[in-house]
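Descriptive analysis of the structure
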Amino acid sequence: QVQLAESGGGLVQAGGSLRLSCAASGRTYSSYAMGWFRQAPGKERESVAAITWTGGTTYYADSVKGRFTISRDNAKNTVYLQMNSLKPEDTAVYYCALDRTLSTVVAGTGVVYWGQGTQVTVSS
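Residues numbered from 1 in each chain as written. Predicted model: local features only at pLDDT ≥ 70, side-chain atom pairs only at ≥ 80, totals over all residues. Heavy atoms only, no water.

1. Section: the pattern of salt bridges
Opposite charge on two side chains permits pairing when their charged atoms draw close. For the coordinates displayed, the defined rule picks out four salt bridges. For glutamate 46, the salt bridge goes to arginine 38, with nearest N and O atoms at 2.8 Å. Classification of arginine 38 by relative accessible area gives buried; the value is 7%. Measuring nitrogen to oxygen at the nearest pair gives 2.7 Å for the salt bridge that ties aspartate 90 to arginine 67. Residue aspartate 90 is found in the loop between strand E8 (78-83) and strand E9 (92-99), and its partner arginine 67 is found in the loop between strand E6 (58-60) and strand E7 (68-73); the two are separated by 23 residues along the sequence. For the residue pair aspartate 90 and arginine 67, the accessibility class agrees, reading buried in each case. Residues joined in a network through salt bridges with shared partners are Arg38, Glu46, Arg67 and Asp90. (Salt bridge = Lys/Arg side-chain N within 4 Å of Asp/Glu carboxyl O. Buried < 20%, exposed > 50% of the residue type's maximum accessible area, 1.4 Å probe, protein only. Helix = DSSP H or I, 4+ residues; strand = E, 2+ residues; numbered from the N terminus.)

What follows is the structure, given as structure tokens:
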């Protein structure tokens, strides 16, 4: 079993920054992709960003390109999401995801391991 623990959410003013972290523990795969999703009230879950095991390939939703950066530290089994120039529309619960391939993590469907979520609120 794999456990994912997110941290770093909070309340920030528009234009501000936050950095989310997600630490994986337990019996992880030998290599795996990780990513971030978000879900705002009344909206569908949205794939935000994802990264391969080596970090050589990343994915970003159009809505966050140029503002968010995903990175990872495999020695710490941790993935990060640096969020800059935050907007009120970024307000959501952010979830960490882990699975074997980038395509699975980007799609969300079939992802086996999810974190419990961390709230990000951006005030105008």
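2. Focus: the packing of aromatic side chains
Enumeration over the complete set of coordinates arrives at three aromatic pairs. Ring plane angle 65° and centroid distance 5.0 Å describe the contact between phenylalanine 37 and tryptophan 114, whose orientation is recorded as edge-to-face. On the criterion of sequence distance, the pair formed by phenylalanine 37 in strand E4 (residues 33-39) and tryptophan 114 in strand E10 (residues 113-114) is long-range, its members being 77 residues apart. The ring of phenylalanine 37 carries the charged tip of arginine 45 above its face, separated from the ring centre by 5.2 Å. (Phe/Tyr/Trp six-rings, centres within 6.5 Å; stacked < 30°, edge-to-face > 60°. Lys NZ or Arg CZ within 6 Å of the ring centre and 35° of its normal.)

3. Structural notes on the nonpolar core
The biggest cluster of nonpolar side chains holds 31 residues, and the ones touching the most others in it are Leu4, Met34, Trp36, Leu81, Met83, Tyr94 and Leu98. At the level of elements, strand E1 (2-7), strand E3 (18-26), E4, strand E5 (46-51), E7, E8, E9 and strand E11 (118-123) are the ones that each hand at least two residues to this core. The next biggest cluster of nonpolar side chains, apart from the first, holds seven residues, and it includes Phe37, Ala97, Leu102 and Val111. (Core = buried A, V, L, I, M, F, W, Y, C linked by side-chain atoms within 4.5 Å.)

4. A closer look at the environment of glycine 117
Checked against the element boundaries, glycine 117 lands in the loop between E10 and E11. On a C-alpha basis, the gap between glycine 117 and asparagine 84 in space is 19 Å, while along the polypeptide they are 33 residues apart. When sequence neighbours within four positions are dropped, the list of residues in contact with glycine 117 reads Glu6, Val93, Tyr94 and Tyr95. (Contact = heavy atoms within 4.5 Å.)

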